[in-house]
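# Commentary on secondary and tertiary structure
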Amino acid sequence: MNIQIFGSAKSFDTKKAQRWFQERGVKFQYIDLKEKPMSRGEFDSVKHAVGGYEAMLDPAAKDKKTLVLVQCLIEYQREDKLFENQQLLKTPIVRNGPKATIGCAPEVWEAWRQA
């Protein structure tokens with residue numbers, strides 16, 4: 001397994017994901033999205049794995065002004081604005097090669113571990 005966890009140091013769910021992998025002895029790379037946003041390739045890979053950028057958008061994001069802006073844009077502009085404003089992403093984003101989950105998904109992570 002090649003696990004990457006994208007998230008925020010203040011996110012409870014991100015800490016929960018880190019703890020889940022630590023408790024099972026699975027090595028992972030943690031990336032704080034505030035310090036280092038996802039590259040376009042990483043973003044597109046996650047988007048493809050989860051079924052579109054809409055699944056990545058956190059409706060409870062703290063930056064309400066930007067969240068409203070993204071939701072009001074023309075369809076083809078939303079994805080680019082979300083990429084530019086990664087503080088609007090649901091966390092944690094956990095990648096295992098081409099596979100990815102958003103939010104806490106221990107049942108999926110366990111399936112990855114068993115494979």
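Note that the structure is a prediction, hence the values are computed from the model and not measured.

### Let's talk about the packing of helix 1 (residues 12–23) against helix 5 (residues 106–114)
At a minimum axis separation of 11 Å, helix 1 and helix 5 run at an interaxial angle of 30°. Comparing their axes, helix 5 and helix 1 come out roughly parallel. In this structure, the crossing between helix 1 and helix 5 has a hand that is right-handed. Across the interface between the two elements, Ala17, Trp20 and Phe21 from helix 1 touch Pro106, Trp109, Glu110 and Arg113 from helix 5. Broken down by class, the residue content of the contact of helix 1 with helix 5 amounts to five nonpolar, no polar and two charged.

### Quick word on the packing of aromatic side chains
In this description, an aromatic ring pair is defined by two values, namely the gap between the centres and the angle between the planes. Within this structure, the stated rule accounts for five aromatic pairs. Taken together, a centroid distance of 6.3 Å and an interplanar angle of 50° make the contact between Phe21 and Phe28 tilted. Seen from their ring centres, Phe21 and Trp109 are 5.1 Å apart, and the 40° between their planes marks the pair as tilted. Here the residue Phe21 occupies a position in helix 1, and Trp109 occupies one in helix 5, the gap between them amounting to 88 residues.

### Quick notes on the pattern of salt bridges
Opposite charge on two side chains permits them to pair, given that their charged atoms come into close proximity. Counting across every chain of the model gives ten salt bridges. The closest approach of N and O atoms between Arg40 and Asp44, which form a salt bridge, is 3.3 Å. With Arg40 and Asp44 both in helix 2 (residues 40–50) and four residues apart, this pair spans about one turn of that helix. Arg40 gets classed as partly exposed once you look at its relative accessible area, which sits at 30%. A salt bridge links Arg78 to Glu75; its shortest N-O distance comes to 3.1 Å. Remark: Glu75 and Arg78 occur in helix 4 (residues 75–84); sequence separation between them is three residues, near one turn of the helix.

### Examining the side chain of Glu79
Looking at the secondary structure, you find Glu79 in helix 4. At 2.9 Å, the side chain of Glu79 forms a polar contact with the side chain of Arg40. Look past the residues within four positions of Glu79 in its chain and what remains in contact with it is Arg40, Phe43, Asp44, Lys47 and Tyr53.

### Let's talk about the side chain of Glu42
Its location among the elements puts Glu42 in helix 2. Salt bridges are absent for the buried Glu42, whose nearest opposite-charge side chain, Arg95, sits at 4.1 Å. If sequence neighbours within four positions are ignored, Glu42 has contacts with Gln4, Phe6 and Arg95.

### Considering the packing of helix 3 (residues 64–72) against helix 4
When two helices pack together, you describe them by how their axes are tilted relative to each other and by the distance separating the axes. Across the interface, helix 3 lies against helix 4 with an axial gap of 8 Å and an inter-helix angle of 155°. Viewed along their axes, helix 3 and helix 4 adopt a mutual orientation that is roughly antiparallel. Residues Leu69, Val70 and Gln71 of helix 3 form the contact with helix 4, whose participating residues are Arg78, Lys81 and Leu82. Across the contact of helix 3 with helix 4, the residue classes tally to three nonpolar, one polar and two charged.

Procedures and definitions
- Residues numbered from 1 in each chain as written.
- Predicted model: local features only at pLDDT ≥ 70, side-chain atom pairs only at ≥ 80, totals over all residues.
- Heavy atoms only, no water.
- Axes fitted to C-alpha atoms, helices over the stretch in contact; angles between N-to-C directions.
- Helix = DSSP H or I, 4+ residues; strand = E, 2+ residues; numbered from the N terminus.
- Parallel < 35°, antiparallel > 145°, perpendicular 65-115°, else oblique.
- Left-handed = near helix turned anticlockwise from the far one by under 90°.
- Contact = heavy atoms within 4.5 Å.
- Nonpolar A, V, L, I, M, F, W, Y, C, P; charged D, E, K, R; others polar.
- Phe/Tyr/Trp six-rings, centres within 6.5 Å; stacked < 30°, edge-to-face > 60°.
- Salt bridge = Lys/Arg side-chain N within 4 Å of Asp/Glu carboxyl O.
- Buried < 20%, exposed > 50% of the residue type's maximum accessible area, 1.4 Å probe, protein only.
- Polar contact = N/O pair within 3.5 Å; in protein donor to acceptor, adjacent residues only side chain to side chain.
- Lys, Arg positive; Asp, Glu negative; His and termini not counted.

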